[in-house]
Amino acid sequence: QVQLVESGGGLVQPGGSLRLSCAASGSIDSIIPMGWYRQAPGKQRELVASITNSGRTSYYSVKGRFTISTDYAKNTVYLQMNSLKPEDTAVYYCNTVPAVESQSWGQGTQVTVSS
């Protein structure tokens, strides 16, 4: 499996922006399609964006605010988040899409949007 390390989260005000990074220990081709998931307190984990090896992207209720991208040379997946809302507050994770038992989750990165 590939080790995944998320970073870039933090505390922002509503309307602010963050760019999350997901660094993989190996080629992301081995686990692509990849996506960003999030889990808010007391809620189930949900998929928010995904990207295929051909660069096709999909978004789930965040289209127009979030953008997922990849850098194959750096084995990294990014999530650019704009116009953040309090309901975006969650721990954000990257992983293969769909998630599988053979690929472990990272620790995630906390995003807090507070007015």
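The following paragraphs examine the structure supplied in this document.

Thresholds, definitions, all that
Residues numbered from 1 in each chain as written. Predicted model: local features only at pLDDT ≥ 70, side-chain atom pairs only at ≥ 80, totals over all residues. Heavy atoms only, no water. Phe/Tyr/Trp six-rings, centres within 6.5 Å; stacked < 30°, edge-to-face > 60°. Helix = DSSP H or I, 4+ residues; strand = E, 2+ residues; numbered from the N terminus. Buried < 20%, exposed > 50% of the residue type's maximum accessible area, 1.4 Å probe, protein only. Salt bridge = Lys/Arg side-chain N within 4 Å of Asp/Glu carboxyl O. Pairing = 2+ DSSP bridges. Axes fitted to C-alpha atoms, helices over the stretch in contact; angles between N-to-C directions. Core = buried A, V, L, I, M, F, W, Y, C linked by side-chain atoms within 4.5 Å. Contact = heavy atoms within 4.5 Å.

### Some remarks on the packing of aromatic side chains
For the structure on display, the rule yields two aromatic pairs. For the pair Tyr37 and Trp105, a centre-to-centre distance of 5.0 Å together with 75° between the ring planes defines the contact as edge-to-face. Placement of Tyr37 in strand 4 (residues 34-39) and of Trp105 in the loop between strand 9 (90-96) and strand 10 (109-113) is noted, with a sequence separation of 68 residues between them. In this structure Tyr37 comes out as buried when scored by relative accessible area, which is 6%. Considering the side-chain rings of Tyr93 and Trp105, the 5.8 Å spacing of their centres and the 80° angle between planes classify their relative orientation as edge-to-face.

### Quick notes on the pattern of salt bridges
Inspection of the entire model under this criterion finds three salt bridges. Salt-bridge contacts for Arg38 lead to Glu46; the nearest nitrogen and oxygen are separated by 2.8 Å. Overall, the relative accessible area of 7% leaves Arg38 in the buried class. We classify Glu46 as partly exposed; its relative accessible area is 35%.

### Section: the sheet that holds strand 3 (residues 18-24)
Spatially, four strands are ordered 1-3-8-7 in an open sheet, and the strand pairing comes out antiparallel. In this open sheet, the two strands that pair with only one neighbour each are strand 1 (4-7) and strand 7 (66-71). Neighbouring strand axes in the sheet, compared pairwise and without regard to direction, differ in orientation by 15° on average.

### Some details on the nonpolar core
Counting residues in each nonpolar core, the largest one holds 28 residues, and the members touching the most others are Leu4, Met34, Trp36, Leu79, Met81 and Tyr92. Broken down by secondary-structure element, the contributors of at least two residues to this core are strand 3, strand 4, strand 5 (46-51), strand 7, strand 8 (76-81), strand 9 and strand 10. In this view, Leu79 contacts Leu18, Arg19, Leu20, Trp36, Val48, Ala49, Phe66, Thr67, Ile68 and Tyr92; residues no more than four positions away in its chain are not counted.

### Re the environment of Leu11
With respect to the element layout, Leu11 can be found in strand 2 (residues 10-12). By relative accessible area, which is 66% here, Leu11 ends up exposed. The sequence separation of Leu11 and Cys94 amounts to 83 residues, and the corresponding C-alpha distance is 19 Å. Once residues lying within four places of it in the same chain are set aside, the contact partners of Leu11 are Thr112 and Ser114.

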